[in-house]
Amino acid sequence: MVERLDAEARAALARELPGWSPVEGRDAIARSFRFADFGEAWGFMARVALLAEKQDHHPEWFNVWNRVDITLTTHDAGGLSARDVALAKAIDRLLG
Ligand SMILES: C[C@H](O)[C@H](O)[C@H]1CNC2=NC(N)=NC(=O)C2=N1
């Protein structure tokens, strides 16, 4: 069973993942990414897909041309868990 984040972990998340924002009306975080063109966006999505498979944790996402919007939440927990934090950090690391 995956546990939802406690208050302390949520405060840490806000500090450690400044690029990610809470999603209105649900227990999730989101970040929007822009790239030079579709090829760059698709390359990023391919790298995120590999991370997601490795972590067995999968994003909700939307792509149009050079834009990729990613939402993270843990369906098994009904909200944010440490798995979302780990994936968000790994995604941020991809971009250096
Ligand atoms: C069986 C499998 O491990 C689970 O369904 C995993 C897969 N990827 C997942 N991804 C996300 N975002 N939330 C989950 O609860 C989840 N669960």
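Because the structure is a prediction, the values reported are computed rather than measured.

### Describing the environment of Pro18
Move 1: The topology assignment puts Pro18 in the loop between helix H1 (7-16) and strand S1 (21-22).
Move 2: In sequence terms Pro18 and Arg31 are 13 residues apart; their C-alpha atoms lie 9.8 Å from each other.

### A few points about the site of the ligand
Move 1: Every residue near the ligand is listed here: Asp56, His57, His58, Thr73, Thr74, His75 and Asp76.
Move 2: At a separation of 2.5 Å, an oxygen atom of the ligand approaches a polar side-chain atom of Asp56.
Move 3: Between the ligand and Thr73 there is a distance of 2.9 Å, counted from a nitrogen atom to a backbone nitrogen or oxygen.
Move 4: Considering the ligand on its own, with 400 Å² of exposed area, one finds that the protein chains cover 69% of that surface.
Move 5: Broken down by class, the residue content of the shell around the ligand amounts to no nonpolar, 5 polar and 2 charged.

### A closer look at helix H3 (residues 82-94)
Move 1: In this model, H3 (13 residues) spans 19 Å end to end at C-alpha, consistent with the 18 Å of a helix rising 1.5 Å per residue.
Move 2: Every buried residue of H3 is accounted for by Asp84, Val85, Leu87, Ala88, Ala90, Ile91 and Asp92.
Move 3: At its buried positions, H3 is contacted by H1, strand S2 (29-34), helix H2 (38-55) and strand S4 (67-72).
Move 4: Among the residues trailing H3, Gly96 stands out with phi positive, at a value near 75°.

### Topic: the nonpolar core
Move 1: Counting residues in each nonpolar core, the largest one holds 21 residues, and the members touching the most others are Trp20, Ile29, Phe44, Ile70 and Ile91.
Move 2: Setting aside anything within four residues of it in sequence, one finds Ile91 in contact with Trp20, Phe33, Phe44, Val48, Leu51 and Ile70.

### Section: the sheet that holds S1
Move 1: Strand order in this open sheet of 4 strands is S1-S2-S4-S3, and the pairing throughout is antiparallel. Among the strands making up the open sheet, the edge pair consists of S1 and strand S3 (60-64).
Move 2: The pairing of S3 with S4 spans 5 bridges and is antiparallel. When the sheet's bridge partners are listed, Asn63 is paired in S4 with Val68.
Move 3: Relative to the sheet, H2 contacts S2, S3 and S4, its axis offset from that of S3 by approximately 165°.

The rules we used
- All chains use their own residue numbering, which begins from 1 and follows the written sequence.
- With the structure being a predicted model, the display of local features is reserved for residues of pLDDT at least 70 and the display and counting of side-chain atom pairs for 80 or more, all residues being used for whole-chain, interface and lining totals.
- The side-chain values count all of the structure's non-hydrogen atoms but skip hydrogen atoms and water molecules.
- Numbering of helices and strands starts at the N terminus; helices are DSSP runs of H or I of at least 4 residues and strands are runs of E of at least 2.
- Here a residue is near a molecule or strand as soon as one of its heavy atoms is found within 4 Å of it.
- In protein, a polar contact requires one atom able to donate a hydrogen and another able to accept it; more generally it is a pair of N or O atoms within 3.5 Å, and residues adjacent in sequence count only if both atoms are side-chain atoms.
- Areas reported as accessible are Shrake-Rupley estimates using a 1.4 Å probe. Residue values count occlusion only from the protein chains shown.
- Under the scheme applied, nonpolar residues are Ala, Val, Leu, Ile, Met, Phe, Trp, Tyr, Cys and Pro; charged residues are Asp, Glu, Lys and Arg; polar residues are all the others, including Gly.
- One less than the residue count of a helix, multiplied by 1.5 Å, gives the span that helix is expected to have.
- For every residue, the accessible area obtained with a 1.4 Å probe (protein chains only) is divided by the maximum for its type, and the residue is called buried under 20%, exposed over 50%, and partly exposed between those limits.
- The contact criterion used throughout is that any non-hydrogen atoms of two residues lie within 4.5 Å.
- Grouping buried Ala, Val, Leu, Ile, Met, Phe, Trp, Tyr and Cys residues that are joined through side-chain atoms within 4.5 Å yields what is termed a nonpolar core.
- By this definition, two strands are paired if DSSP reports at least two bridges between them.
- Convention adopted: a line fitted to C-alpha atoms gives each axis, helices being fitted over their contacting stretch, and angles between N-to-C directions are expressed from 0 to 180 degrees.

Keep in mind these values describe shape, not function.
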